[in-house]
Amino acid sequence: VYAKSIPFPFDGFTTERGNAATDCAMFTRELFLGRVDREWITARQSRERNRVVEVLDSCWGALDGAGAVRLLPAHPTVRAVIEGIDARLDADDGDASLCLGAVARELCLPPYGCNIAATGLVLALYVAPRRDTLEVRRHGEATGIERWLQDALPRRFLELSVLDTTEIVRVSEKTVGEWARLLNAWEIEATHAGKVEYWQKALVLRRRLPVPQVL
């Protein structure tokens with residue numbers, strides 16, 4: 001049934017007092033925020049360090065030699081999931097959106113068989129190295145990842161009800177480029193009247209292209 005099961009050797013989930021769920025939630029949150037690297041791992045206490053290294057590095061091969069999160073993990077099944085999400089977001093010339101709730105449910109079903117903790121790590125693993133090229137939208141409105149996490153991961157596990165109302169969208173280089181040029185021109189404009197004019201241009205551009213989260 002689970003022909004492509006994703007391994008999840010996270011020590012402590014077999015006991016009630018292992019703090020595994022708390023640690024996993026923290027790893028998931030920090031991945032979404034783009035903070036996980038070799039320096040961050042080294043600063044963890046030994047229990048946390050052993051757990052994150054065992055799953056992300058030793059098993060999934062998600063960290064490169066410098067400790068940064070790879071775009072594509074080494075584990076073939078995890079890599080295939082990441083590549084599948086990439087392919088769906090690249091459909092329709094890069095204008096496609098993807099509901100995180102749908103992806104989470106797919107990961108829990110056959111052939112993968114993830115639990116909700118592992119699902120959170122996989123989703124965060126996808127977002128971590130792509131933060132600057134992805135936009136998170138809730139109920140169709142762009143939102144910052146930090147703010148979104150307050151609802152999506154309030155305690156130890158991701159809330160599926162929040163994921164069902166959340167989409168990720170690839171931000172094209174064209175979108176970032178247009179906004180970057182406008183903001184740069186506004187920044188160097190010396191006159192008040194000129195700055196007001198650029199504000200008006202920004203309002204027009206926003207109706208056509210939402211402001212990229214990275215800006």
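Reference entry: report on the structure contained in this document.

### A look at the overall build of the protein chain
Thought 1: Counting its regular elements, the protein chain contains ten helices and four strands.
Thought 2: Of the regular secondary structure in the protein chain, the N- to C-terminal order runs α-α-α-α-β-α-α-β-β-α-α-β-α-α.
Thought 3: Principal-axis analysis of the C-alpha atoms places the extent of the protein chain at approximately 65 × 40 × 30 Å.
Thought 4: Burial analysis of the protein chain (215 residues in total) assigns 43% to the buried set.
Thought 5: The long-range share in the protein chain, meaning contacts at least 24 apart out of those at least 6 apart in sequence, stands at 67%.
Thought 6: Split by element, the accessible area of the protein chain, about 11600 Å² in all, is 50% carbon and sulfur.
Thought 7: Of the charged side chains in the protein chain, 28 are positive and 30 negative, and the gap between their average positions amounts to 3 Å.

### Structural notes on a nonpolar patch on the surface
Thought 1: On the surface, Leu183, Trp186, Val211, Val214 and Leu215 cluster together into a nonpolar patch covering about 380 Å² of accessible area.
Thought 2: In this fold, valine 211 is placed in the segment after α10 (192-208).

### Overview of the state of the cysteines
By definition, a disulfide is the covalent link that joins the sulfur atoms of two cysteine residues.
Thought 1: By the definition in use, this model includes zero disulfides.
Thought 2: Not engaged in a disulfide, the cysteine cysteine 24 finds its nearest cysteine sulfur in cysteine 114; these two sulfurs lie 11 Å apart.
Thought 3: When its relative accessible area of 2% is taken as the criterion, cysteine 24 is described as buried.
Thought 4: As a non-bridged cysteine, cysteine 59 has cysteine 114 as the owner of its nearest cysteine sulfur, 11 Å distant.

Analysis parameters
- Residues numbered from 1 in each chain as written.
- Predicted model: local features only at pLDDT ≥ 70, side-chain atom pairs only at ≥ 80, totals over all residues.
- Heavy atoms only, no water.
- Helix = DSSP H or I, 4+ residues; strand = E, 2+ residues; numbered from the N terminus.
- Buried < 20%, exposed > 50% of the residue type's maximum accessible area, 1.4 Å probe, protein only.
- Contact = heavy atoms within 4.5 Å.
- Areas by Shrake-Rupley, 256 points an atom, 1.4 Å probe, with all protein chains shown as cover.
- Lys, Arg positive; Asp, Glu negative; His and termini not counted.
- Charge placed at Lys NZ, Arg CZ, Asp CG, Glu CD.
- Patch = residues over 30% accessible without salt bridge, like charges linked within 9 Å, V, L, I, M, F, W, Y side chains within 5 Å.
- Salt bridge = Lys/Arg side-chain N within 4 Å of Asp/Glu carboxyl O.
- Disulfide = S-S within 2.5 Å.

So far we have only geometry, and geometry alone does not tell us how the molecule works.
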